[in-house]
Amino acid sequence: METSELIKKVRKIEIKCKGLSRHLFSGEYHSAFKGRGMSFSEVRGYQYGDDVRNIDWNVTARTGEPYIKVFEEERELTVMLLIDISRSSYFGTTPQMKNEYITEICAVLAFSAINNNDKVGVIFFSDRIEKFVPPKKGKKHILRIIRELLDIEPEGKGTDIGMALQYYNNVIKKRSICFVLSDFMTQNYESSLRIVARRHDLVGVHLYDPREKELPNVGLIRAEDAETGALRWVDTADKQVQQNYREWFENNFNYFRNQFLRSGADTISIETTDSYITALHQFFQRRS
């Protein structure tokens, strides 16, 4: 992608997602993800309705007037985005491909985080770790993440979610919020998932194209597996082929949902024809 074109795309995503974060999600994000506790902030004069348990008796004794302690939430959370950039994410039969959808969702989450003074980091993965962007604060850092999302080209073709979770658990020692964004067209990551979920607040974001759920009847076609490169002829009119295709999607989806729920993690599932704004809004409300 040319530099000028990249800058234009970054700017377009910034305008759209920054506005959404500020007006729709900042308050909901704050409510959904609590800080680590409460810390003392200041003392002030007692007002009608204040909790008497918060009275500062030392200050009250010195001044002869009742004063209470004021506490504020300790925030400074860390949000990590684990982003699947395997070849299957570069697929789409709707106006937006899955990777474009993921880019906007990540931008909304990142801007919501920095609006609450939280740090944001990214791990790009396929069947290997493609890139690690350590968590930081600030708009400049978020714009860098968006540039990476738009411009990164994976070296690997496949998907290894278990490996990505294990790497994340090794590099991020303190408890953080982790969004795993993928089509989850793979399995065998339950062990890493359980380990990560014990330490971190984990959310799986399942993105899929409608044609991955239901195979259209377009006759005999030559199809290529995006991740393996294997070519084969497929008769899309064959009822058994259509049934096998549906079962393949449902098996992967059920595995994703069941493994995340068993580990105590949250899930969001979004079809690329649906509004991710609605899906995130419902998720934040459910968490709150």
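Residues numbered from 1 in each chain as written. Predicted model: local features only at pLDDT ≥ 70, side-chain atom pairs only at ≥ 80, totals over all residues. Heavy atoms only, no water.

Caption draft 1: Expanded view of the overall build of the protein chain. When its secondary structure is counted, the protein chain shows 9 helices and 10 strands. The principal-axis extent of the C-alpha atoms belonging to the protein chain is close to 90 × 45 × 35 Å. Scored against the burial criterion, the 288 residues of the protein chain give a buried share of 46%. Restricting to contacts in the protein chain with at least 6 residues of sequence separation, those with at least 24 account for 75%. (Helix = DSSP H or I, 4+ residues; strand = E, 2+ residues; numbered from the N terminus. Buried < 20%, exposed > 50% of the residue type's maximum accessible area, 1.4 Å probe, protein only. Contact = heavy atoms within 4.5 Å.)

Caption draft 2: Broad picture of the layout of surface pockets. When its volume is computed, the largest pocket comes out at roughly 930 Å³. Forming the boundary of the largest pocket are 26 residues, of which Ala223, Glu224, Asp225, Tyr245 and Trp248 lie nearest the centre. Residue assignment for the lining of the largest pocket shows that the elements contributing at least two residues are α7 (210–213), β8 (220–224), β9 (231–235) and α8 (239–262). When residues of the lining of the largest pocket are assigned to their parent elements, the largest contribution, 4 residues, is made by α8. (1 Å grid on protein atoms, 1.4 Å probe; cavity = no way out; pocket = protein on both sides within 12 Å on 5 of 7 lines; lining within 4 Å. Points joined across faces, edges and corners; volume = space filled by probe spheres on them.)

Caption draft 3: How the structure looks around the environment of serine 112. Position of serine 112 among the secondary structure elements: in helix α3 (residues 98–115). You can call serine 112 buried: its relative accessible area is 1%.

Caption draft 4: Examining the packing of helix α6 (residues 190–199) against α8 more closely. Closest axis-to-axis distance for the α6/α8 pair is 10 Å, and the angle between their directions is 35°. Of the two elements, α6 crosses α8, and the hand of that crossing is right-handed. Across the interface between the two elements, Glu190, Leu193 and Arg194 from α6 touch Tyr255, Gln259 and Phe260 from α8. Here the residues of the contact of α6 with α8 sort into 3 nonpolar, 1 polar and 2 charged. (Axes fitted to C-alpha atoms, helices over the stretch in contact; angles between N-to-C directions. Left-handed = near helix turned anticlockwise from the far one by under 90°. Nonpolar A, V, L, I, M, F, W, Y, C, P; charged D, E, K, R; others polar.)

Caption draft 5: Seen up close, unusual backbone geometry. A positive phi angle, close to 65°, is found at asparagine 117, a residue other than glycine. Here asparagine 117 shows up in the loop between α3 and β4 (119–125). The phi dihedral of phenylalanine 184 falls on the positive side, at around 50°, and the residue is not glycine.

Caption draft 6: Highlighting the packing of aromatic side chains. For the coordinates displayed, the defined rule picks out 13 aromatic pairs. A ring pair is formed by phenylalanine 179 and phenylalanine 283, whose centres lie 6.4 Å apart and whose planes are at 70°; its orientation type is edge-to-face. With phenylalanine 179 in strand β6 (residues 177–182) and phenylalanine 283 in helix α9 (residues 276–287), the pair connects residues that are 104 residues apart, well separated along the chain. On the accessibility criterion, phenylalanine 179 (0% relative accessible area) is buried. A ring pair is formed by phenylalanine 256 and phenylalanine 260, whose centres lie 5.1 Å apart and whose planes are at 55°; its orientation type is tilted. Remark: phenylalanine 260 and phenylalanine 256 occur in helix α8; sequence separation between them is 4 residues, near one turn of the helix. With relative accessibility at 1%, the residue phenylalanine 256 sits in the buried group. When its relative accessible area of 1% is taken as the criterion, phenylalanine 260 is described as buried. (Phe/Tyr/Trp six-rings, centres within 6.5 Å; stacked < 30°, edge-to-face > 60°.)

Caption draft 7: Geometry of the state of the cysteines. Tallying each qualifying case throughout the model produces 0 disulfides. For cysteine 106, which is in no disulfide, the shortest distance to another cysteine sulfur is to cysteine 17 and amounts to 9.7 Å. Here cysteine 106 falls in the buried class, since its relative accessible area comes to 1%. In this model cysteine 178 remains outside any disulfide bridge; the closest cysteine sulfur is found in cysteine 106, 11 Å from its own. (Disulfide = S-S within 2.5 Å.)

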